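# Notes for the structure review
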Amino acid sequence: MREANFIKTNKPRWEEFEKIVSQQQQAPPDKLAELFIQITDDLSFSHTQYPKSRTTQYLNALASKIHLEIYKNKREDKNRFVTFWKDELPRIMYEVRKPFLYAFLIFIIAGIIGAVSTAYDDTFVRLILGDGYVNMTLENINNGNPTQVYSGAGPMEMFFQITLNNIMVSFKVFVYGFFASIGTGFYLFYNGLMVGTFLMFFSQENELAQALPVIMLHGTVELSSIVIAAAAGFTMGNSLLFPGTYSRLASFKIGALKGLKIVIGLVPFFILAGFIESFITRYAFMHWSFKAIIIGASAFLMIFYFIIYPIQLNRNESFHTDRIS
């Protein structure tokens, strides 16, 4: 079909669309959804047949506007708080499963690099962790408590400081995604490098068996949350790099909103990690069974809510959709 004929055939529908976007005309949700599907079909056709045409640019902008209009006019559930945790955040986590996987792999690879570098270079640990921290830890080891740093201040004071710091770290990891995901990747890599260096340092001092369970009491939730925050940053950064059929600005708004919801959803988990680190981790020599229960429960919480439950939710929705169709 020639472009002129394509425009002539579909122009009345596009004009109706424009009236809705400019709020000159009200439309019921079903009608709005129907028009949106039609306009995206037109956009797909135009993108294939006339990729550099002004018609394609026009349809892309129009589809972006109506998408935002649909979500702006979407009725808010009275149980918004419950809906967010039960439905909205898990669905977002399923949508960002690839950035989540990339974040996890970057963190693990960085940790391995940190551990190997520390094993083969005696100066690397001081380069990454700093002389002050290394000297303090060596002194704690000599005193018989390698993780004494977690009991160096009052629990309430530690709780507020640690929780605030962890939340700020998560927001930094997320915000750095604005720089085309590179900032998030670098910041996540550095954190993974520190963890790997930290653990190998304890291993070299023959204290890993004592230190690792103590660290993972709070680290299971804390480190997992940092990786998830990085997935949020990648989601925002990728929305700039790969806008798809949306305009770059519209794509960025969608990606940034998804990422922001993830970071906000992590706040309770950082509070939990801060509570464990401040009030429980200080008891480094508690029985191993208590450590196993806390670490196991924390791991189950993070894996189930951020991985298993989103998959189950998506499968259930797909199953009901197939039954209806």
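First, a word on what this report is: a plain description of the structure on this page. (Residues numbered from 1 in each chain as written. Predicted model: local features only at pLDDT ≥ 70, side-chain atom pairs only at ≥ 80, totals over all residues. Heavy atoms only, no water.)

### Some details on helix H7 (residues 131–142)
- Between its first and last C-alpha atoms H7 spans 17 Å; for 12 residues at 1.5 Å apiece the expected length is 16 Å, and the two agree.
- For H7, every residue scored as buried is listed here: Val 134, Thr 137, Asn 140 and Ile 141. Across the axial projection of H7, the buried residues extend over an arc of 125°, all falling on one side. For H7, exposure combined with an orientation more than 90 degrees from the buried face picks out Gly 132 and Asn 142.
- Looking at the buried residues of H7, the elements they touch are helix H6 (124–129) and helix H9 (182–204).
- One or two steps after H7, the chain reaches Gly 144, where phi turns positive at roughly 90°. (Helix = DSSP H or I, 4+ residues; strand = E, 2+ residues; numbered from the N terminus. Expected span 1.5 Å × (residues − 1). Buried < 20%, exposed > 50% of the residue type's maximum accessible area, 1.4 Å probe, protein only. Arc of directions from axis to C-beta. Contact = heavy atoms within 4.5 Å.)

### Focus: the packing of helix H10 (residues 208–241) against helix H11 (residues 248–279)
- Where H10 meets H11, the closest approach of the two axes is 8 Å, and the angle between their N-to-C directions is 175°. The pairing of H10 with H11 is recorded here as roughly antiparallel in orientation.
- Split into classes, the residues belonging to the contact of H10 with H11 amount to 19 nonpolar, 7 polar and 4 charged. (Axes fitted to C-alpha atoms, helices over the stretch in contact; angles between N-to-C directions. Parallel < 35°, antiparallel > 145°, perpendicular 65-115°, else oblique. Nonpolar A, V, L, I, M, F, W, Y, C, P; charged D, E, K, R; others polar.)

### Details of the nonpolar core
- Judged by nonpolar contacts, the single largest core of 38 residues is most densely connected at Met 93, Phe 100, Leu 188, Ile 228, Ile 262, Leu 266 and Phe 306.
- Breaking this core down by element, the ones donating at least two residues are helix H4 (80–95), helix H5 (97–120), helix H8 (155–175), H9, H10, H11 and helix H12 (288–324).
- No other element matches the 11 residues that H10 contributes to this core.
- Look past the residues within four positions of Ile 228 in its chain and what remains in contact with it is Met 93, Phe 100, Ile 262, Leu 266, Met 302 and Phe 306.
- Of all hydrophobic cores here, the second largest spans 15 residues; its members include Ile 141, Phe 202, Val 214 and Ala 284. (Core = buried A, V, L, I, M, F, W, Y, C linked by side-chain atoms within 4.5 Å.)

### Observations regarding the side chain of Thr 197
- Along the chain, Thr 197 turns up in helix H9.
- Excluding its chain neighbours within four sequence positions, the residues that come into contact with Thr 197 are Gly 114, Ala 115, Thr 118, Phe 124, Val 125, Ile 128 and Leu 129.

### Remarks on the packing of aromatic side chains
- Taken as a whole and judged by the stated rule, the model has 18 aromatic pairs.
- Plain terms: the ring middles of Phe 178 and Phe 252 are 5.8 Å apart, the flat faces sit at 75° to each other, and that makes the pair edge-to-face. Residue Phe 178 is located in the loop between H8 and H9, and its partner Phe 252 is located in helix H11; the two are separated by 74 residues in the primary sequence.
- Judged by its relative accessible area of 46%, Phe 178 falls in the partly exposed class.
- Among the aromatic residues, those joined into a ring-pair cluster are Phe 269, Phe 300, Phe 304, Tyr 305, Phe 306 and Tyr 309. (Phe/Tyr/Trp six-rings, centres within 6.5 Å; stacked < 30°, edge-to-face > 60°.)

### Overview of the pattern of salt bridges
- Scanning the entire structure with this criterion turns up 4 salt bridges.
- The residue Lys 258 makes a salt bridge to Glu 95 at a minimum N-O spacing of 2.8 Å. Of this pair, Lys 258 sits in helix H11 while Glu 95 sits in helix H4, and the two are 163 residues apart along the sequence.
- Note on Lys 258: relative accessible area 26%, which makes it partly exposed.
- By relative accessible area, which is 45% here, Glu 95 ends up partly exposed.
- In this structure, Asp 131 engages Arg 126 in a salt bridge whose closest nitrogen and oxygen atoms are separated by 3.2 Å.
- For Asp 131, a relative accessible area of 45% translates into the label partly exposed.
- Owing to a relative accessible area of 33%, Arg 126 belongs among the partly exposed residues under this scheme. (Salt bridge = Lys/Arg side-chain N within 4 Å of Asp/Glu carboxyl O.)

### A look at the environment of Val 214
- As for its position among the elements, Val 214 is in helix H10.
- Judged by its relative accessible area of 0%, Val 214 falls in the buried class.
- A sequence separation of 64 residues divides Val 214 from Tyr 150, and the C-alpha atoms of the two residues are 9.4 Å apart.
- When neighbours within four sequence positions are excluded, Val 214 is seen to be in contact with Thr 147, Tyr 150, Thr 281, Ala 284 and Lys 291.

### Regarding a nonpolar patch on the surface
- Where nonpolar side chains cluster on the molecular surface, the patch consists of Leu 101, Tyr 102, Phe 104, Leu 105, Ile 108, Ile 109, Ile 112, Ile 113, Val 116, Tyr 120 and Phe 189 and spans about 1100 Å² of accessible area.
- Top contributing element to the nonpolar patch by residue count: H5, with 10 residues.
- Its location among the elements puts Ile 109 in helix H5. (Patch = residues over 30% accessible without salt bridge, like charges linked within 9 Å, V, L, I, M, F, W, Y side chains within 5 Å. Areas by Shrake-Rupley, 256 points an atom, 1.4 Å probe, with all protein chains shown as cover.)

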